[in-house]
Amino acid sequence: MKLRYYLIIIFIFFTSVQTILNLYLFKNYQKQLITGNVASISQIELNLINASADLFDDTVNMIASRTSLIQAVVAWQQHQDVEAKNNINDLILDTYNSFNLVKWIQVYDDNGQIITYAPRSNTIQPLNYDYANNMVAVAENQKIVLRIEKPLISNQKTIGSIEIAFNSNFIHKIIARSNPSGLPVETVLAARMLSSEETFVTFNTGEDTKIRSASLTVAKDSPIGKAQSGQTGVWDGVKDESGRKLLASTHYLDELQLAVIGQMEVSELDALINKNSQQIFKVYLYAAFTAILFYWLIAANITRPLVRVSENAKRIVKNNHIPLYQPNYISEINQLQDSLIKMAKNLKKKQKNTHDRHQAQTKQLKLAANLDPLTGLYNRRVIDTELPKEINRALRYQHPLSLAMVDLDHFKQVNDTYGHCAGDQVLSAVAKHLIKNVRKTDSVMRFGGEEFCILMPSSDLKSSFHLLNRLRLGIAELTTFYQAQNIRITASFGLTALSETNDTSENLIEQADQALYKAKQNGRNQVICYQQN
């Protein structure tokens, strides 16, 4: 046998073996990559749902801390007349109409009995929880809703609670945006039903037209059963309640009592891997056939570049390595190198884009969670985190620290007379005035409703009093123009300062609030400093 034929036979044999090996490695790599993508998509959805739930929790906290609502509930408990109940009705109806995602609002007294609700339809079954900070996802009327209950507190005493339910449209929007890979991943959300022992499940493929829901008796070994029992992980070949074999990534949000599963059918996974393997096989087959035709001329020269290409393919499969381009006089070899390099670059680019998008979304949600969307000021969450830090810093360096609570006088009359849009403009104008006229080291935050909080480091009571008085006079001179109307408003200020006996954030806020209450009692539009007894 001639040497060139012998070399051709050897070349065909080893090329075939290496092609099969590469296809096997490629299949395993594809399965690992897809499995990782399914887990990543499920984790991204979990993080976004968590962040969104925190935003809603902050919203309910802000509503539950509104002075007007707390005063209205106190008045109802004292008199239990129609006027007091109508006042509560107006407040929660305004809140209901202000948020698109709110499904219903219910207000309870300190015995857990419903005082009123909005909209005025059939009441919803209570959660029967104590007055803790409760947040849970449950099924109501064939939909998953996020129910959040917060206590109403007056003078450090629980006088009732408010429950707000949000519909699950925001979750479906998150799912539609969290799958950049284009894989046929189905997201499953499972929540308990208050009316039965079954579990309500929604199946979402990222398209609004393909959202399915059902009430199921969940099997323990199914993806939903594993998630509800707290088993977090990726499961290959697990069967669901209908007997389908799935690749599933399971998570369970304890706080929401919501199971989140990302899954795709094993048959779809195998079909996708086989399709990609066939395309790679065609590339290898074309390169091998071209090499056989010309091997009898350039057998020695063609062997080395083919080996290099094969080694590069292994590197791509194992560690996503992008090989260096090595020009060769045979165009097929160059084409094969180009295809492998482009594939590796595209893969890295997609992974980087997914990572960058996830980081940007997480950063944006964290920033939004700390800002009041109307005024642009920091919200109550920042007060709870920054005030203890400032107290520790002031105590360490023996610097003064003052805290003021600000409340707009008769703000409800502005809303009732001109509408909530006018009230929003007034709040924004007051916020801009406060930010513009405080020191750079001071912090202005929206405490809730029409209340603001001003934190003044390195400022004693006397200096802070003069600053607040200037702010008060400036607010009284503010004019807000709304629909050819000039709206004027005043503000009351309660001021306190850090001392050896008053060195906690709770005490500072409580004393500033008491001073603010005294300013209201004394006729409003004034600054009152807290005094012992």
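Before reading on, note that the structure itself is shown above.
## Side note on the overall build of the protein
Counting its secondary structure elements, the protein contains twelve helices and 18 strands. A total of 533 residues make up the protein; the buried ones form 46% of that total. Taking the contacts inside the protein whose residues are at least 6 apart along the sequence as the reference set, 59% of them involve residues at least 24 apart. For the protein, the exposed area adds up to about 28,000 Å²; of that, 51% sits on carbon and sulfur atoms.

## Some remarks on the pairing of strand β4 (residues 143-154)
The element β4 is extensively covered by neighbouring structure, given that ten of its twelve residues are classed as buried. As defined by bridge partners, β4 adjoins strand β5 (residues 157-167) across ten bridges and the pair is classed as antiparallel. Note on β5: the bridge partner recorded for V145 is N167. What sits between β4 and β5 in their antiparallel hairpin is a turn of two residues, with N155 showing a positive phi close to 55°.

## Concerning the pattern of salt bridges
If you walk through the whole model with that rule in mind, you get 13 salt bridges. As a salt-bridge pair, K520 and D409 come within 2.8 Å of each other at their nearest N and O atoms. With a gap of 111 residues between them, K520 in helix α12 (residues 505-521) and D409 in the loop between β12 (401-408) and α9 (411-418) connect regions that are remote in the sequence. Taking the relative accessible area as the measure of exposure, K520 reaches 18% and is therefore buried.

## Section: a nonpolar patch on the surface
On the surface, F13, F14 and V17 cluster together to form a nonpolar patch covering roughly 320 Å² of accessible area. Along the chain, the position of F14 falls in helix α1 (residues 3-64).

## Re the packing of helix α10 (residues 420-437) against helix α11 (residues 461-477)
The interhelical angle for the contact between α10 and α11, taken along N-to-C directions, is 145°, at an axis separation of 10 Å. As for the relative orientation of α10 and α11, their crossing is right-handed in sense. Contacts between α10 and α11 involve V430, H433, L434 and N437 from the first element and L467, L471, G474 and I475 from the second. Its residues placed into classes, the contact of α10 with α11 shows five nonpolar, three polar and no charged.

## A few points about helix α2 (residues 67-79)
With 13 residues, α2 should reach 18 Å at 1.5 Å per residue; the first-to-last C-alpha distance of 18 Å fits that figure. Turning to α2, its buried residues number three or more, namely S68, L69, I70, A72, V73 and W76. Q80 occupies a position one or two residues after α2 and carries a positive phi of about 50°.

## A look at the environment of I88
As for its position among the elements, I88 is in helix α3 (residues 82-98). With relative accessibility at 0%, the residue I88 sits in the buried group. For I88 and L69, which are 19 residues apart along the polypeptide, the C-alpha to C-alpha distance reads 6.7 Å.

## Notes on the packing of aromatic side chains
All told, the structure shown has one aromatic pair when counted by the stated rule. Aromatic side chains F56 and F166 sit 4.3 Å apart centroid to centroid with 20° between the ring planes, which places their arrangement in the stacked category. Of the two residues, F56 sits in helix α1 while F166 sits in strand β5, which places them 110 residues apart along the sequence. The residues F56 and F166 share a single accessibility class, namely buried. The ring of W235 has K226 lying over it, and the distance from NZ or CZ to the ring centre is 4.3 Å.

## Structural notes on the pairing of strand β13 (residues 443-448)
Judged by how many residues are buried, β13 sits mostly within the fold: five of six residues are covered. Where β13 folds back on strand β14 (residues 451-457), the antiparallel hairpin that results is connected by two residues, among which G449 adopts a positive phi of roughly 60°.

## Thoughts on the packing of α9 against α10
α10 packs onto α9 with a crossing angle of 140° between their chain directions and a minimal axis gap of 6 Å. Comparing their axes, α10 and α9 come out oblique. Contacts between α9 and α10 pair F411, V414, N415 and Y418 from the former with H420, A422, G423, V426 and L427 from the latter. Grouping the constituent residues of the contact of α9 with α10 by class yields six nonpolar, three polar and no charged.

About the cut-offs
- Residues numbered from 1 in each chain as written.
- Predicted model: local features only at pLDDT ≥ 70, side-chain atom pairs only at ≥ 80, totals over all residues.
- Heavy atoms only, no water.
- Helix = DSSP H or I, 4+ residues; strand = E, 2+ residues; numbered from the N terminus.
- Buried < 20%, exposed > 50% of the residue type's maximum accessible area, 1.4 Å probe, protein only.
- Contact = heavy atoms within 4.5 Å.
- Areas by Shrake-Rupley, 256 points an atom, 1.4 Å probe, with all protein chains shown as cover.
- Pairing = 2+ DSSP bridges.
- Salt bridge = Lys/Arg side-chain N within 4 Å of Asp/Glu carboxyl O.
- Patch = residues over 30% accessible without salt bridge, like charges linked within 9 Å, V, L, I, M, F, W, Y side chains within 5 Å.
- Axes fitted to C-alpha atoms, helices over the stretch in contact; angles between N-to-C directions.
- Left-handed = near helix turned anticlockwise from the far one by under 90°.
- Nonpolar A, V, L, I, M, F, W, Y, C, P; charged D, E, K, R; others polar.
- Expected span 1.5 Å × (residues − 1).
- Phe/Tyr/Trp six-rings, centres within 6.5 Å; stacked < 30°, edge-to-face > 60°.
- Lys NZ or Arg CZ within 6 Å of the ring centre and 35° of its normal.
- Parallel < 35°, antiparallel > 145°, perpendicular 65-115°, else oblique.

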